[in-house]
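Spelled out, the chains give:
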Amino acid sequence: MKYSRFAAMIVTSTIVMFIMMYLNTYAISHIWFSETRTYMALYMGAGMAIIMLSFMLGMYTNKKLNASIFIAAIALFAVCLYLVRSQATVSDSAYMKAMIPHHSIAILTSERANIEDTRVRELADNIILAQRREIKEMEWLVKDIESNGKVTSAAEAEKRSVPNFEAKLNPEVN
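Residue positions are given per chain, counting from 1 as you read along its sequence in written order. Given that the model is predicted, a residue must reach a pLDDT of at least 70 before its local features are reported, and side-chain atom pairs must reach 80 or more before they are shown or counted; all residues, however, enter totals for whole chains, interfaces and linings. The side-chain values count all of the structure's non-hydrogen atoms but skip hydrogen atoms and water molecules.

Student: How should I be thinking about the overall build of the protein chain in this particular structure?
Tutor: Comment: elements are numbered from the N terminus, with helices defined as DSSP H or I runs of at least four residues and strands as E runs of at least two. Check the secondary structure of the protein chain and you find 7 helices and 0 strands. For the protein chain, the sequential pattern of α-helices and β-strands runs α-α-α-α-α-α-α. The size measure is the radius of gyration over C-alpha atoms, and the globule rule it meets is 2.2 Å times the number of residues to the 0.38 power. Relative to the 2.2 N^0.38 estimate, which gives 16 Å for 174 residues, the radius of gyration of the protein chain is 22 Å and therefore markedly larger than a compact globule would have. Here the C-alpha coordinates of the protein chain stretch approximately 70 × 45 × 25 Å along the principal axes. Accessibility here uses a 1.4 Å probe with only protein chains present; expressed as a share of the type maximum, an area under 20% marks a residue as buried, one over 50% as exposed, and anything in between as partly exposed. Expressed as a percentage of the 174 residues in the protein chain, the buried residues total 31%. Any two residues whose heavy atoms approach within 4.5 Å are treated as being in contact. Here the analysis covers contacts within the protein chain between residues at least 6 apart in sequence; of these, 69% occur between residues at least 24 apart. Each charge class in the protein chain was averaged separately, 18 positive and 16 negative side chains, and the resulting centres sit 14 Å apart. For this count, His and the chain ends are skipped, Lys and Arg are scored as positive, and Asp and Glu as negative. Here the site of a charge means NZ on Lys, CZ on Arg, CG on Asp, or CD on Glu.

Next up, the structure:
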């Protein structure tokens, strides 16, 4: 069997896994590109390459190429796992772009879960309101940073304070 076919399988599966990580967002508008999800898809693809090649060693007989694939996949897995765990490359905007889909998942599960206990329903409703407010705030901050740059002092933050999204989402709040 050709190694190009193996590579195509791994690349295609990695791309599909990246896309599938967004399937549980509440709204399409909550889908933002995420470095973190990219690293996660890459380490899943690397892990899959190791597992699949291990199972198919009888089909792929070039020992040097197999060893190279294993080493490259282990290295990619380790680097991407470090990047996910450390968040070393994630800046202000990248952080928010990763968190918006994350918060969206909380809305989806809190809204659609079959909750019968009144206390749990109240908790879920509060989570929904909080997550919607935080998504609006993050979307506003991403746009503000893109338009006006980062705020690096308390004085600057006062001049560009975040609008009260709580009042816009919940009429009971003043």
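Student: It is not clear to me how the UniProt feature "domain: DUF305" (unreviewed entry) in the protein chain should be interpreted in this structure. Could you clarify?
Tutor: UniProt positions are given in the numbering used here, feature names are shortened, and annotations may be inferred rather than shown by experiment. UniProt tags residues 92–155 as "domain: DUF305" (unreviewed entry). Annotated as 84% helix and 0% strand, the span residues 92–155 places its first and last C-alpha atoms 19 Å apart.

Student: What's the story with unusual backbone geometry in this structure? I'm lost.
Tutor: Peptide bonds are trans in most cases, and residues, glycine excluded, mostly fall at negative phi. Not every positive phi belongs to a glycine, and Q87 is a case in point at roughly 55°. By secondary structure assignment, the location of Q87 is in the loop between α3 (63–86) and α4 (92–112). Given a relative accessible area of 30%, Q87 falls into the partly exposed group.

Student: What is the right way to look at the UniProt feature "transmembrane region" (unreviewed entry) in the protein chain in this model?
Tutor: Summarizing the sequence annotation, UniProt attributes the feature "transmembrane region" (unreviewed entry) to residues 6–28, 40–61 and 67–84 in the numbering used throughout. Its end C-alpha atoms 32 Å apart, residues 6–28 is made of 65% helix and 0% strand. Segment residues 67–84 splits into 100% helix and 0% strand. End C-alpha atoms: 26 Å apart.

Student: I keep staring at the pattern of salt bridges and nothing clicks. Help me out?
Tutor: Two side chains that carry opposite charge are able to pair once their charged atoms sit near each other. Salt bridges, as used here, are contacts in which a Lys or Arg side-chain nitrogen is within 4 Å of a carboxyl oxygen on Asp or Glu. The final tally for this structure, using the stated rule, is 8 salt bridges. Salt-bridge contacts for E146 lead to K97; the nearest nitrogen and oxygen are separated by 3.7 Å. In this pair, E146 sits in helix α5 (residues 118–148) while K97 sits in helix α4, placing the two residues 49 residues apart along the sequence. Residue E146 is classed as exposed on the basis of its relative accessible area of 55%. A salt bridge links E134 to R133; its shortest N-O distance comes to 3.4 Å. One network of salt bridges, with partners in common, ties together R133, E134 and E137.

Student: How should the environment of M9 be read in this particular structure?
Tutor: Here M9 shows up in helix α1 (residues 3–20). On a C-alpha basis, the gap between M9 and M138 in space is 36 Å, while along the polypeptide they are 129 residues apart. If we skip the residues at most four places from it in the chain, M9 touches M52, M56 and Y60.

Student: In this structure, what is going on with α4? I would like to understand it.
Tutor: Helical periodicity: at 3.6 residues per turn, an α-helix aligns residues three or four positions apart in one direction. Any helix carries an expected span of 1.5 Å times its number of residues minus one. Between its first and last C-alpha atoms α4 spans 31 Å; for 21 residues at 1.5 Å apiece the expected length is 30 Å, and the two agree. Burial in α4 covers these residues: S93, A94, M96, A98, I100, P101, H103, S104, I105, I107, L108 and S110. In the core, the buried residues of α4 are packed alongside α2 (35–55) and α5.

Student: Looking at this structure, how should I read the side chain of H103?
Tutor: Position of H103 relative to the elements: it lies in helix α4. Here H103 falls in the buried class, since its relative accessible area comes to 9%. In this structure the side chain of H103 is engaged in a polar contact, spanning 3.4 Å, whose partner is the side chain of Q131. Definition of a polar contact: a pair of N or O atoms within 3.5 Å, with one able to donate and the other able to accept a hydrogen when the atoms are protein atoms, and with sequence-neighbouring residues admitted only if both atoms are side-chain atoms. A distance of 2.7 Å separates polar atoms of two side chains, one belonging to H103 and the other to E134. Once you skip the residues sitting within four places of it in the chain, H103 turns out to touch Q131, E134, I135 and M138.

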